[in-house]
Amino acid sequence: MLLTALMAAIVVVLAFLQYQWSIQVSEAERDRMQRALDNSVRQFREDFNRELRQVGRALQPSLFGFEEDDGLSYARRFEDWRQRSSYAGLVRSVFFLKLDAGSAANLIELNPDRGGFESADWPDRLRNLQGLLLVSPERQGRPGRPTINPFTWTILYEGPVLAQAVLENIEPGAPRGRRAMNRRAQGYVVVELDRDFLRDALLPELAARHFGGPDGLVFQVWVMEDEQSLYHSHPENSSDISGADAREPLLWRQEELVSRLAGRRGAGAPGSRGAGGRQRPRGGASRGGPPPDQVLRPRGVRDFVLSPSGAAAWELVVRHGEGSLEQVVAAYRNRNLAVSFGVLLLLCMSMGMILISAQRAQRLAKAQMEFVAGVSHELRTPLAVICSAAENLADGVVGAKEQVTRYGTLIRDEGRRLTGMVEQTLQFAAGQSNRKTYQLKRHGVEEIVEKALHLSAPAIENAGYRLEKTVDTDLPAVGVDAAALSQSLQNLIGNAVKYGGANRWVGVRVEAAEAPGGGREVRISVQDKGLGIRSQDLPHVFDPFFRGEQATVHQIHGTGLGLSLARDAVVAMGGRISVQTAPSEGSTFTIHLPAASANGAASSESA
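Rules behind the numbers
Residues numbered from 1 in each chain as written. Predicted model: local features only at pLDDT ≥ 70, side-chain atom pairs only at ≥ 80, totals over all residues. Heavy atoms only, no water. Helix = DSSP H or I, 4+ residues; strand = E, 2+ residues; numbered from the N terminus. Buried < 20%, exposed > 50% of the residue type's maximum accessible area, 1.4 Å probe, protein only. Salt bridge = Lys/Arg side-chain N within 4 Å of Asp/Glu carboxyl O. Expected span 1.5 Å × (residues − 1). Arc of directions from axis to C-beta. Pairing = 2+ DSSP bridges. Contact = heavy atoms within 4.5 Å. Core = buried A, V, L, I, M, F, W, Y, C linked by side-chain atoms within 4.5 Å. Axes fitted to C-alpha atoms, helices over the stretch in contact; angles between N-to-C directions. Phe/Tyr/Trp six-rings, centres within 6.5 Å; stacked < 30°, edge-to-face > 60°. Lys NZ or Arg CZ within 6 Å of the ring centre and 35° of its normal. Left-handed = near helix turned anticlockwise from the far one by under 90°. Nonpolar A, V, L, I, M, F, W, Y, C, P; charged D, E, K, R; others polar. Parallel < 35°, antiparallel > 145°, perpendicular 65-115°, else oblique.

Chemist: Can you break down unusual backbone geometry residue by residue, with the values?
Modeler: Residue G159 is joined to P160 through a cis peptide bond whose omega torsion reads 0°. For D474, which is not glycine, the phi torsion reads 55° and is therefore positive. Structurally, D474 is set in the loop between β15 (466-471) and β16 (478-480). Assessed through its relative accessible area of 74%, D474 is described here as exposed. Residues other than glycine seldom take positive phi values, yet S584 does so here, at roughly 65°. Tracing the backbone through its elements, the reader meets S584 in the loop between β19 (576-582) and β20 (586-594). Note on S584: relative accessible area 64%, which makes it exposed.

Chemist: An account of the pattern of salt bridges is requested, with residue identities and associated values reported.
Modeler: The final tally for this structure, using the stated rule, is 20 salt bridges. R195 is paired through a salt bridge with E225; the nearest N and O atoms lie 2.8 Å apart. With R195 in helix α4 (residues 195-211) and E225 in strand β9 (residues 219-225), the pair connects residues that are 30 residues apart, well separated along the chain. The residue D537 makes a salt bridge to R534 at a minimum N-O spacing of 3.2 Å. The network of salt bridges with common partners includes D47, R50, E205 and R209.

Chemist: How would you explain helix α2 (residues 71-84) if you had to name every residue and give the values?
Modeler: When the terminal C-alpha atoms of α2 are compared, their 20 Å separation across 14 residues agrees well with the 20 Å that a helix rising 1.5 Å per residue should span. Among the residues of α2, G71, Y74, A75, F78 and W81 are the ones counted as buried. The buried side chains of α2 occupy one side of the element, clustering within an arc of 120° when seen end-on. Seen from the open side of α2, the exposed residues pointing more than 90 degrees away from its buried face are R76, Q83 and R84.

Chemist: Account for the pairing of strand β1 (residues 91-99), naming residues and giving values.
Modeler: Where burial is concerned, most of β1 is hidden: seven out of the nine residues are buried. Taken together, the seven bridges between β1 and strand β6 (residues 185-193) define a ladder with antiparallel strand orientation. Bridge pairing in β6 places L97 opposite Y188.

Chemist: If you had to explain the side chain of S40 to someone new, which residues and values would you point to?
Modeler: Position of S40 relative to the elements: it lies in helix α1 (residues 2-58). Setting aside chain neighbours within four positions, we find S40 in contact with H210 and F211.

Chemist: Requested: an account of helix α12 (residues 562-572), with residues and values cited.
Modeler: Burial of α12 is extensive: eight of the eleven residues sit out of reach of the surface. Buried within α12 are the following residues: G562, L563, S564, L565, A566, A569, V570 and A572.

Chemist: I'd like to hear about the nonpolar core, residue by residue, with values.
Modeler: F48, L59, L90, V94, V191 and W314 are the most contacted members of the largest nonpolar core, which totals 50 residues. Broken down by element, this core gets its largest block of residues, eight residues, from α1. Every residue in contact with V94, bar those within four places of it in the chain, is listed here: L59, Y74, F78, I108, E109, L110, F117, V189, V190 and V191. One finds A452, I524, I591 and L593 within the second-largest nonpolar core, a separate group that totals 38 residues.

Chemist: For the sheet that holds β20, give the residues involved together with the corresponding values.
Modeler: The five strands lie next to each other as β15-β17-β18-β20-β19, forming an open sheet whose pairing is mixed. In this open sheet, the two edge strands, each paired with only one partner strand, are β15 and β19. The average undirected angle you get between the axes of adjacent strands in this sheet is 15°. Of the pairings in the sheet, the one linking β19 to β20 comprises seven bridges and is antiparallel in character.

Chemist: I'd like to hear about the environment of L193, residue by residue, with values.
Modeler: Mapped onto the secondary structure, L193 falls in strand β6. Residue classification places L193 among the buried residues on the basis of a relative accessible area of 1%. The spatial distance from the C-alpha of L193 to the C-alpha of V55 is 9.9 Å, given a sequence separation of 138 residues. When near neighbours in sequence (up to four residues on either side) are disregarded, L193 contacts L52, L90, R92, P160, V161 and L162.

Chemist: Please provide a residue-by-residue account of the side chain of S488, values included.
Modeler: Among the secondary structure elements, S488 is positioned in helix α10 (residues 482-498). You can call S488 buried: its relative accessible area is 2%. With sequence-adjacent residues up to four places away left out, S488 is seen in contact with A566, A569 and V570.

Chemist: Residue-level account of the packing of aromatic side chains, with values.
Modeler: Under the counting rule described, the total for this entry stands at eight aromatic pairs. An aromatic cluster of three or more residues is present, and its members are F44, F211 and F219. Over the ring of W505 we find K529, and its NZ or CZ is 4.5 Å from the ring centre.

Chemist: Outline the packing of helix α9 (residues 445-462) against α10, supporting the account with residue identities and numerical values.
Modeler: Contact geometry for α9 and α10: axes closest at 9 Å, N-to-C directions at 35°. Note on packing geometry: the crossing formed by α9 with α10 is right-handed. Judged by residue contacts, I448, V449, K451, A452, L453, L455, S456, A459 and I460 of α9 engage A482, L485, S486, L489, Q490, I493 and V497 from α10. When its residues are assigned to classes, the contact of α9 with α10 shows twelve nonpolar, three polar and one charged.

Chemist: How would you summarise the packing of α10 against α12 if you had to cite specific residues and measurements?
Modeler: Think of two packed helices as two axes; the pair is described by the angle between the axes and how far apart they sit. In contact at an axis separation of 9 Å, α10 and α12 are set at 150° when each is read in the N-to-C sense. Our classification of the angle between α10 and α12 gives roughly antiparallel. Every pair of crossing elements has a handedness; the one defined by α10 and α12 is left-handed. Each of S488, N491, L492 and N495 in α10 lies in contact with α12, whose residues at this interface are G562, L563, L565, A566, A569 and V570. Partitioned by chemical class, the residues of the contact of α10 with α12 number six nonpolar, four polar and no charged.

Chemist: Explain the sheet that holds β9 to me, using residue names and the numbers behind them.
Modeler: Reading across the sheet, the four strands line up as β10-β9-β13-β11 and stay open at both edges, with antiparallel pairing between neighbours. Each edge of the open sheet carries a strand with a single partner, namely β10 (228-232) and β11 (246-249). Each strand axis lies, on average, 25° off the axis of its neighbour in the sheet, ignoring direction. With four bridges connecting them, β11 and strand β13 (residues 314-320) associate as antiparallel partners. For E248, the partnering residue across the bridge sits in β13 and is L316. Along the sheet, α1 makes contact with β9, β11 and β13, crossing β13 at roughly 150°. Each of β9, β10 and β13 touches α4; the most contacted strand, β10, lies at about 60° to it.

Structural data, given as structure tokens:
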């Protein structure tokens, strides 16, 4: 009992530790997956912005103004970018919008094949950009009006296009420090991006690169534009982005640009501190200072793309393909718990089987000890009687014929009893080693029952019992081993004689009946009106060496093998034994044997 309680406590502690471990593992897995996702989002944005930066570098307008004869060099730069870039289809067209003093506009388009700009009409697809670009500089930056700067690219999502203002030419003879401050916008460079290429080529490749796995995309990826989907990696699935695991602007934020700009300027950048910690001047001419264009255009600024404030910016939205990270981690945790508690369940079952086996081993050891003690007593009694009778005969104490006959009968009966015990022990040993075989043949049950009753008659008469026999007519034949069935009946009759009590009555009934599974069967019942079997002993009456409490209380001799041998023999012949009992009302053991078919085999062998 103490061992059982200790093992149960160990299982409870293991279950608690396993649960805590699963929670910690799932939390660590959640953090790992979130870090990996954040890194993938960052790299996705890096690669996308890098492509726009490369476009901006290639098509950067001159700081000193735009001249029509610069078209050839501009076209060469554009062609060089297309040859180097893996996404040459990203740029659809390039325009230059020239403004005159009256805010009128002339639109010219870059023709890379001819190496220059040509006059063009506003494309219908960009018609809505006229209202954003054809405004005076002083009206730019007002609500609904983006500011197009001369030093950075600005993205207008209506196109989408990249736009940058181009200042008018530097006036010759103007003071060096005041040249750029008096310049006005000469026009705009407008780089039209191909929306279809973004949706069908660039974004899918970046998604596969950063959110893919061996079996495809692990995450669902959206690029949203004003609550509308510009790109969705799984268009066949729901477009609901609720419960997203990550949401970030696709383009760099203003603070990210500032941070990157500060990192790229370094110690030698204008306005930064030198080696001695002195603040360098930001503007104006100074001895050894930077040229004017670097004052107006700090290094690194031209490499970035800014989006106008208030615009419907592109947003990158990512969610795990199986729902969300929380759902994935919860499923992962549940699987771990299921496996862990499954292992604990197997452990509990193993421990239970060990306990049951230990208890059965203890019962078996106890039964074996009782068997040894009982057999020793059973063997000692007939041997003592035989030896005593033989000595009396040898010493001549017994001389009368009647006494000699009585002594000879006593020696014979005790010898038979001794032989029966030895035979039971040998039969049990043969059954345990699987060396017992049965010759199954068609037999009539009446003959076998008569033989068993004849062999059991001396034991019945010596015990003073009355035998009542009932045998129905027209019994079907059965396929049995006649000797084994006869021995089984003798064991049942001997058991009834031992436990018959004061009534001194044994009943044997043979009848044919319908089998529970269909067909016919022969039932051989042996009944007594004795002690009966207690309910707690009933499951064990056919166990080897088992002898119930009644046998100990009433000092009934036996080996505890008779019922076990009878059951094993009947089962080996294709039958079964049932028992009905009640304390102080007696017991009925019934052998059920299936009827042999008329055209069945004459004989067979069963182990």
